Every structure is written in C-alpha cells, then in structure tokens.
Amino acid sequence: MEVFNLPLETIYLYGLIGSGILTVLYVFFADVVHFDGPDFLNPVIILAFVTLFSASGYLFEKLSAFHYLLIVGISAIIALILVTFLNVFVLIPLSNVEESLVYKESDLRGRIGAVITAIPADGYGEVMIESISGRIAKPATSFDRVPIDNGTNVLVVDIKDGVLQVSSHQEIENYLL
C-alpha cells in the first residue's frame, strides 16, 4: 500500500529516523525543555513509542507478507508493551531517586562531628562529620576561642566562608551523673 505516493515501509523508516533524531536531541536538551505533565504525555514515552512502532512496522513490512492493518496493530501492541516496561521499570524508579550525595553547608549547622586535627584557640583544625552518604571533612575554628583536642565530639554552631565554627559537645548524660 502507498500513502502520499510513498510505500508504507518508507513512511515507517522516515518515522524511525525522525523519532531517533528527536530522541537524541531531547536527551541533550531535556533540562532546557523540562516537562511537568501527566506521565503518559512525557516526551520520552511518546518518542520511545513512535521509535518502537516505526521500527517494528518497518521490519514487519520488509520481512513479512501480513496485511498492513495487521502490521499496524502488532506494531502498536509491541510498542505499547515495551514502552510500559520502560516507564514502570526505568522512568518511574529514576524519577524517585534522590540526590543523596549533595549537601548544603547550611545543612551542617547543628550536626555533631569529631575533631580529626586539633583546633587551637585562635587557629584552624579539621572536623569529620559522618552522614548516610559518607564522611565530610571540613576546616573548623573554635566558636568559644578555647582549644579542642583530637577525638573530641563537637557541635557545629555556625559556618562562615566554608569554615565550621564548632563548640565542644558533651552529651546530657554526663551532666546528670
């Protein structure tokens, strides 16, 4: 069969090439053209559907003698199943992933760390703060202007110019005894 004086396999091939090019462009420019709508209108899903539909339609037209309506139906079902798997097993889990390695310096206020390099009264030392995503070592000064020894637990009071201002931290149990 022919549409617009073009064989169907040529139309499928043009659709495959066009959707492939648009997919590559979308991968590069997805942050510029951010989509906030329903899942089924997501450009990734639409482009994947068109690509898979065109690819299977082209292969069936080229390699089989099925009627063109049967080829359209089979191609649509194949594309729908594969795009559903893509959405359920790849896109939805990726959208729920958090950036757990990222932190802001203001998030460190109130955290407890351990001194790994002694902090003199009027100088710099280093503090290690443990978190779920790993350890953070930051330069520190004494907030109270008193020296703090290695291994002492400290409380981050403030942060100025990337340097933690810490104070010696003792747990409440020590005061009760």
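Details of the structure are given in the entry above.
Residues numbered from 1 in each chain as written. Predicted model: local features only at pLDDT ≥ 70, side-chain atom pairs only at ≥ 80, totals over all residues. Heavy atoms only, no water.

Student: I'd like a description of the layout of surface pockets, backed by residues and values.
Tutor: Taken as a whole, the largest pocket encloses approximately 440 Å³ of empty space. Along the walls of the largest pocket sit 15 residues, with Tyr26, Asn42, Val44, Leu91 and Ser95 positioned nearest its centre. When residues of the lining of the largest pocket are traced back to their parent elements, those giving at least two are α1 (8–29), α2 (43–63) and α3 (68–95). If you tally residues by element for the lining of the largest pocket, the top one is α3, at five residues. Classifying every residue of the lining of the largest pocket by side-chain character gives nine nonpolar, four polar and two charged. (1 Å grid on protein atoms, 1.4 Å probe; cavity = no way out; pocket = protein on both sides within 12 Å on 5 of 7 lines; lining within 4 Å. Points joined across faces, edges and corners; volume = space filled by probe spheres on them. Helix = DSSP H or I, 4+ residues; strand = E, 2+ residues; numbered from the N terminus. Nonpolar A, V, L, I, M, F, W, Y, C, P; charged D, E, K, R; others polar.)

Student: Outline the environment of Ser168, listing residues and values.
Tutor: With respect to the element layout, Ser168 can be found in strand β7 (residues 163–168). Residue classification places Ser168 among the partly exposed residues on the basis of a relative accessible area of 36%. The sequence separation of Ser168 and Ile148 amounts to 20 residues, and the corresponding C-alpha distance is 7.0 Å. Other than its neighbours up to four places away in sequence, Ser168 contacts Ile148, Thr152, Asn153 and Val154. (Buried < 20%, exposed > 50% of the residue type's maximum accessible area, 1.4 Å probe, protein only. Contact = heavy atoms within 4.5 Å.)

Student: How would you sum up the pattern of salt bridges? Please name residues and give values.
Tutor: Applying the stated criterion across every chain yields a total of three salt bridges. Close ionic contact of Lys62 with Glu9 constitutes a salt bridge, the shortest N to O distance being 3.4 Å. Taken as a pair, Lys62 in helix α2 and Glu9 in helix α1 lie far apart in primary sequence, 53 residues in all. The partly exposed category is assigned to Lys62, whose relative accessible area is 48%. Using a relative accessible area of 26% as the deciding quantity, one classes Glu9 as partly exposed. Taking the shortest distance from any N to any O, the salt bridge between Asp158 and Arg109 comes out at 3.2 Å. (Salt bridge = Lys/Arg side-chain N within 4 Å of Asp/Glu carboxyl O.)

Student: Tell me about the nonpolar core, and name the residues and values.
Tutor: One recurring pattern in soluble globular proteins is that nonpolar side chains are buried together. Ile119, Val127, Leu164 and Val166 are the most contacted members of the largest nonpolar core, which totals 13 residues. For this core, the elements supplying multiple residues, two or more each, are β4 (125–131), β5 (134–142), β6 (153–160) and β7. By residue number, the principal contributor to this core is β6, which donates three residues. (Core = buried A, V, L, I, M, F, W, Y, C linked by side-chain atoms within 4.5 Å.)

Student: An account of unusual backbone geometry is needed here, citing residue identities and associated values.
Tutor: A positive phi angle, close to 60°, is found at Arg145, a residue other than glycine. Here Arg145 is to be found in the loop between β5 and β6. The class for Arg145 is exposed, based on a relative accessible area of 56%. A positive phi angle, near 55°, is found at Asp161, a position not held by glycine. Here Asp161 is to be found in the loop between β6 and β7.

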